[in-house]
Amino acid sequence: MTNFHFLIDGVIVIVYLAGTITAGLWVRRYVKNLNDFLLAGRSVNLYLGIASLAATEFGIATCMANAELGYKYGFAGITPGIALAFAMFVVGWTGFCVKPLRDREVTTLPELFEDKFGTKVRWASGVVIVLGGLLNMGVFLRQAGIFLTVVCGFEMGYLEIVMTLILLGVAVYTILGGMISVFITDYIQFVVMSIGLIIVVLLLVVKFGWIDLLGSVDRLLGPSAYNPFASETYGLERILLDVLTAFASILTWQTIISRVLSAKDTTTAKRIFIGTSPFLIVRFAVPAILGIAALHYFGSDIFTGGEVIMAMPNLLATVLPVGLIGILVSAMLAADMSTNSSYMIAWSSVIYNDIMRPIHKGLWSNKKGLLWNRILIGAIGVFLLLYGLWYPLKGDLWVYLQVTGTIYLSSMSVLLIAACYWRPANNWGAIAAIFVGGIIPILYLVLQEVDATQLDILKIGPYKFGVTTYFAAALAMVLGSKLKPFIKKT
Amino acid sequence: MEHWFWSVLCALILVWYIVVTILVAIKGGGDIKNMIAKWKSQI
């Protein structure tokens, strides 16, 4: 059941899509070389930087994952947003790692690692970044397809077609215009997304009443909905993982770092971080309010287990009136397109710049480099489509995003901090950190699928695995770095 | 007390979001204009 009206809401969505894609295609003429294509010529100023970073970090998958947190944990579900906002503010304020990173004028993180740890570590870092990033991004498309299918009232059989169309729309302007198109469309997408989200949240709060929403949270979730430390299901382990993930992703997530590297100077990069930091609470608070509204409207019995994630889209499909639902779909499409385009170009830049480095050795012409980056973006699009169709997501979406993100966040954050601030760090430590940081989350993902180990893995839980990975990667860096001079001496 | 903390946080963050959306919509447009002018001069 949906209020989506194909003539009224459909026209709103088509106008938005046509406008964005036209703008994205129009600016492709300014792409002259690889620097323009991958980093928009390093000319991005404060407000465009804020719009782009905020739009990139809010996609449909994030919205659904965070609404699920709101539905399951109440206001405690906003906790990761507070951790992320704090981390981004501190990093922006102090310039911790981002200052040396931007000052060096590199294109990707692994490029920075080469000076300190050598070419092999650069290559290995590229592989880990792409592996973790693509596994993480792999579920975006399906979540977006599910959201749009439910809200627009399509049959579930059309899910794959919806997913393909979303991807095609984004791939066209990203392949042609690169980061220049991404920044321009991010700006439009931020404005459309924000207007839609603000209207929808205000409407739901007015419709249900804030006090009544709080009453439902009290009745259905109890006191732990307000205190993440008191919750049996949220708890200290998860908060610790939230904080570690927050700092690591602010420092090393390629889509975030590419905004630092695209900024016109280091001061602007730091100001973009400070200015965007409160948005990371918005990123959790707005979907959490939508999740809480869904809990209030449906109660806790209709959506259980793996279906909890469907509560928020079903609420919006049922409650929003004609016209507004078109604005919401445009807003969510905006959120998703900006995320997908930024992610595709971020991973393609690492594949070309770092993984393919032994092949092109930095000697290929701009024309050949551009062509290869475009091919890579297309290939990533195809991978996303196949992975999204194939991978059956189990459990909490936010947990999946954290676990797959940890594959690279743990080791890359350790490498970055060591490269910038720890003189004794060397390639042995770096390789050990990459190995340990990758193997623990991959083991978790594999063992939870194996019948013989499934129960034990569930008992340990993803949070212990995640937290252990960060500390183990740091320990591996220290031990490896100390071991090399010791072995050489003896 | 905990109700108040989350209620005030949500209210503040929504107000911040509205203000920043307006600010970014206006000033971000200016940033794009300047960037395009710079790119045009380089062609």
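The structure presented is a predicted model; accordingly, all values stated were derived computationally and were not measured. (Residues numbered from 1 in each chain as written. Chains lettered and ligands numbered in written order. Predicted model: local features only at pLDDT ≥ 70, side-chain atom pairs only at ≥ 80, totals over all residues.)

Peer 1: Residues and numbers for the overall build of chain B, please.
Peer 2: What chain B contains, in helices and strands, is one helix and zero strands. Principal-axis analysis of the C-alpha atoms gives chain B an extent of 60 × 15 × 5 Å. Relative to its full complement of 43 residues, chain B shows a buried share of 26%. (Helix = DSSP H or I, 4+ residues; strand = E, 2+ residues; numbered from the N terminus. Buried ≥ 20, exposed ≤ 12 C-beta atoms within 10 Å, placed from the backbone.)

Peer 1: Explain the overall build of chain A residue by residue, including any values.
Peer 2: Looking only at helices and strands, one finds 22 helices and zero strands in chain A. Here chain A has a C-alpha radius of gyration of 22 Å; the compact-globule value for 490 residues is 23 Å, and the two agree. In terms of overall dimensions, chain A has a C-alpha envelope of 70 × 55 × 45 Å along the principal axes. When burial is assessed residue by residue, chain A has 59% of its 490 residues classed as buried. Within chain A, contacts between residues at least 6 apart in sequence are counted, and of these 87% link residues at least 24 apart. (Rg over C-alpha atoms; globule rule 2.2 N^0.38 Å. Contact = placed C-beta atoms within 7 Å.)

Peer 1: Go over the interface of chain B and chain A, please, and point to the residues and values.
Peer 2: Across the boundary between the two partners, chain B contributes 22 residues, which contact 26 residues of chain A. Class assignment of the residues belonging to the side of chain B that touches chain A gives a composition of 13 nonpolar, five polar and four charged. (Nonpolar A, V, L, I, M, F, W, Y, C, P; charged D, E, K, R; others polar.)

Peer 1: Report on the nonpolar core, specifying residues and quantitative values.
Peer 2: Core analysis: the biggest nonpolar cluster contains 192 residues, and Val151, Ala285, Ala433 and Met477 of chain A have the highest contact counts within it. Apart from residues no more than four positions distant in its own chain, Ala285 of chain A is found in contact with Ile78 and Gly81 of chain A together with Cys10 and Ile13 of chain B. (Core = buried A, V, L, I, M, F, W, Y, C linked by C-beta atoms within 7 Å.)

Peer 1: For the confidence of the model for chain B, give the residues involved together with the corresponding values.
Peer 2: Model confidence for chain B is summarised by a mean pLDDT of 89, while 93% of its residues fall at 70 or above. As scored by the predictor, the complex reaches a pTM of 0.87 and an ipTM of 0.93. (pLDDT = per-residue confidence, 0-100.)

Peer 1: Let's hear about helix 4 (residues 60-73) of chain A: which residues, and what values?
Peer 2: In an α-helix, one full turn covers 3.6 residues, which means residues spaced three or four apart are oriented alike. Helix length check: helix 4 of chain A (14 residues) gives 20 Å between terminal C-alpha atoms against 20 Å at 1.5 Å per residue, within 8%. Counting buried residues in helix 4 of chain A gives 14 out of 14 residues, a clear majority hidden from the surface. (Expected span 1.5 Å × (residues − 1).)

Peer 1: Explain unusual backbone geometry to me, using residue names and the numbers behind them.
Peer 2: Residues and elements named next belong to chain A. The residue Glu105 is not glycine, and still its phi comes out positive at about 55°. Among the structural elements, Glu105 can be located in the loop between helix 6 (98-103) and helix 7 (109-117). The backbone phi angle of Lys361 is positive, close to 50°, even though this residue is not glycine. Inspection of the secondary structure assignment puts Lys361 in the loop between helix 18 (357-360) and helix 19 (366-390).

Peer 1: Can you explain the environment of Pro80 of chain A? Please cite residues and give values.
Peer 2: As for its placement among the helices and strands, Pro80 of chain A is situated in helix 5 (residues 79-94). Distance in space between the C-alpha atoms of Pro80 of chain A and Arg283 of chain A is 9.7 Å, their sequence separation being 203 residues.

Peer 1: Go over the packing of helix 12 (residues 235-252) of chain A against helix 22 (residues 451-489) of chain A, please, and point to the residues and values.
Peer 2: Residues and elements named next belong to chain A. As a packed pair, helix 12 and helix 22 sit with axes 9 Å apart at the nearest point and diverge in direction by 45°. Judged by the angle between their axes, helix 12 and helix 22 are oblique. Note that helix 12 runs across helix 22; the crossing there is left-handed. Of helix 22, the residues touching helix 12 (which contributes Glu237, Arg238, Leu240, Leu241 and Leu244) are Tyr463, Lys464, Gly466, Val467 and Tyr470. For the contact of helix 12 with helix 22, a count of residues per class yields six nonpolar, one polar and three charged. (Axes fitted to C-alpha atoms, helices over the stretch in contact; angles between N-to-C directions. Parallel < 35°, antiparallel > 145°, perpendicular 65-115°, else oblique. Left-handed = near helix turned anticlockwise from the far one by under 90°.)

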